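Residue strings, one per chain:
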2 protein chains.
Amino acid sequence: MIITSRKNEIVLKYKKLIADKKERLRFAAFVCEGFKLSEDALSCGVMPLSAVFTDFAVKKYADFYKKVAKLCKLTVISNDLGEYISDTTTPQGVFLEFHMREKPEISGKLIADAKKLLLLDHIQDSGNMGTIIRTAEALGMDAVIFTPDCPDIYSGKVLRGSMGSVFRLNLIPADLVSAVKTLKENGFSVHSCVLDDDAKRPDEINFNRKSAIIIGNEARGVSPQITDLADEKIYIPIEKIQSLNAAVAAAILMWEFKRGS
Amino acid sequence: MIITSRKNEIVLKYKKLIADKKERLRFAAFVCEGFKLSEDALSCGVMPLSAVFTDFAVKKYADFYKKVAKLCKLTVISNDLGEYISDTTTPQGVFLEFHMREKPEISGKLIADAKKLLLLDHIQDSGNMGTIIRTAEALGMDAVIFTPDCPDIYSGKVLRGSMGSVFRLNLIPADLVSAVKTLKENGFSVHSCVLDDDAKRPDEINFNRKSAIIIGNEARGVSPQITDLADEKIYIPIEKIQSLNAAVAAAILMWEFKRGS
């Protein structure tokens, strides 16, 4: 049976989970949209709570449809409803519901084993957030610690921008003031990325030890209170214009981190 | 007098220039939207052809309004019309019309003087295009040469993403096959960024000479025909996932270029 009513409770639930962070928190669940991203999620070994396919997607992704139908309750909806619940302009009609991942603590084994951490202070743009998480995984960071006012990692835009890294990388929402203190107590040297020509250049930093890099808000940078707690300030030398995009600055520093470690 | 009709010819022209690349080409003009970006444009010394301010913007940006009114014909429109012509969700109500910049040739003085070039093969995403242009200026590239199927540099999204770099950096649409040939004839070594573990690492490349880097399409990379023409292939070593965002890959290579030169 193909669901065609917007009042159907599964349709309503998916619509809410996709559109609204509060609803995601209420259910401790989120929806992963799109074939490739959903396939990535399953390949990480996470089990879906439920799934919704459009009539079109059942045919187009027939093998994946059969696979998912064996794993969880799967509902088929009309193509129109797929467009209704989607937050993309050209929905593929594949939607999987997952439990939110457990949040690791900034203590214990994770921090004992970690060597490379990225800290994010109030990133504003969802596209930047997704790209930063994707790059952090690709360049071998052990975790990303971020202020809770960063874009929700379970929003469609961050999930897609991260290319599935949200399912794999350690992602820890935290107050950065206490996080930086904890990291320093645990032997990390902490570097704050600033727009200050007097700060150290990336290649003057010794990344060959437990280190954390802090990237700040797109407009205001890292908050002074947090920069003051850091061991060192880093400046990426640039020309003419005033700043780099936050995801670009993060990428250059993580790349230097990888080179230097 | 404040214009309130959607049928006003200036309103119609601005709406078309903002929304439609064909109209921009027809008039050889484009609209720069937003206070900061417009201020940046003027500070580069380019003269506006005309300007439109909303009633709200006339008051909010009073000094800038007076400055612009001395430079060109300025039309005041209602706030509603500002929203109507804008392609942003929260328009500031400042719109300046400019002539398109002249397109430099890949020959002559520019190439004789240039040392660092970035080549873009069919970038798809406007956000990436803007970020890449912004980063290219910040990291001191002499020009960006791009296939004409890349996002229009005069679209609002690219202009905003570039943070005004579109007004300052040499940007050259070109067929990359003949561009790469011309560059090689002019003493450039050309490096194609690929997803191939056998290719050279960025720090194995000698960037201390006239060099060009090619970044490819988000999904398909640099086309094989163009990679075959390049002197060397570069691979940014990454973990687990399959690729970096195009703007991130471009940033890491331009950063290495800056470091190595």
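The structure under discussion appears in the preceding block.
Quick caveat, the model's predicted, so the values are computed rather than measured.

Chemist: What's the story with the state of the cysteines in this structure? I'm lost.
Modeler: Working definition: the covalent bond between the sulfur atoms of two cysteines is a disulfide. Under the criterion given, the structure shown has 0 disulfides over all chains. Free cysteine: A:Cys32, not disulfide-bonded; nearest cysteine sulfur from A:Cys44 at 9.7 Å. Classification of A:Cys32 as buried rests on a relative accessible area of 0%. For B:Cys150, which is in no disulfide, the shortest distance to another cysteine sulfur is to B:Cys193 and amounts to 15 Å. A residue is classified by how much of its surface remains accessible, and B:Cys150, at 4% relative accessible area, is buried.

Chemist: Quick question: what am I supposed to make of the relation of the copies chain B and chain A here?
Modeler: Put simply, the two copies of the chain differ by a rotation about an axis and a shift along that axis. For the pair chain B and chain A, the best superposition has an RMSD of 0.0 Å and corresponds to a rotation of 180 degrees with a translation of 0.0 Å parallel to the axis. Such a combination of rotation and displacement between the chain copies is what one expects of a two-fold axis. Both copies present the same face, since 100% of the interface residues in chain B are matched by interface residues at the equivalent positions in chain A.

Chemist: Sorry, what's going on with the sheet that holds strand β8 (residues 170-173) of chain B here?
Modeler: Paired through their backbone hydrogen bonds, the strands of a sheet run either parallel or antiparallel. Residues and elements named next belong to chain B. Across the sheet, which stays open at both edges, the 6 strands sit in the order β8-β7-β6-β10-β9-β11 with parallel pairing between neighbours. Each edge of the open sheet is held by one strand with a lone partner, namely β8 and β11 (232-234). For this sheet, the mean angle separating the axes of adjacent strands, direction not counted, is 25 degrees. Relative to strand β10 (residues 211-215), strand β6 (residues 116-120) is paired through 5 bridges, and the arrangement is parallel. Directly across from Leu-118, in β10, lies its bridge partner Ile-213. Helix α8 (residues 126-138) contacts β6, β7 (143-146) and β8 of the sheet and is inclined by roughly 175 degrees relative to β6.

Chemist: How should the interface of chain B and chain A be read in this particular structure?
Modeler: As a measure of interface size, the accessible area lost when the parts come together is often cited. Listed per partner, the contact involves 30 residues of chain B and 30 residues of chain A. In this structure, the salt-bridge partner of B:Lys258 is A:Glu239, at a minimum N-O distance of 3.5 Å. Across the contact surface, chain B and chain A share 12 residue pairs in polar contact (both at pLDDT 80 or more). Contributions of two or more residues to the side of chain B that touches chain A are made by α8 and α12 (246-260) of chain B.

Thresholds applied
- Residues numbered from 1 in each chain as written.
- Chains lettered and ligands numbered in written order.
- Predicted model: local features only at pLDDT ≥ 70, side-chain atom pairs only at ≥ 80, totals over all residues.
- Heavy atoms only, no water.
- Disulfide = S-S within 2.5 Å.
- Buried < 20%, exposed > 50% of the residue type's maximum accessible area, 1.4 Å probe, protein only.
- Least-squares fit on C-alpha atoms with pLDDT ≥ 70 in both.
- Contact = heavy atoms within 4.5 Å.
- Pairing = 2+ DSSP bridges.
- Helix = DSSP H or I, 4+ residues; strand = E, 2+ residues; numbered from the N terminus.
- Axes fitted to C-alpha atoms, helices over the stretch in contact; angles between N-to-C directions.
- Salt bridge = Lys/Arg side-chain N within 4 Å of Asp/Glu carboxyl O.
- Polar contact = N/O pair within 3.5 Å; in protein donor to acceptor, adjacent residues only side chain to side chain.

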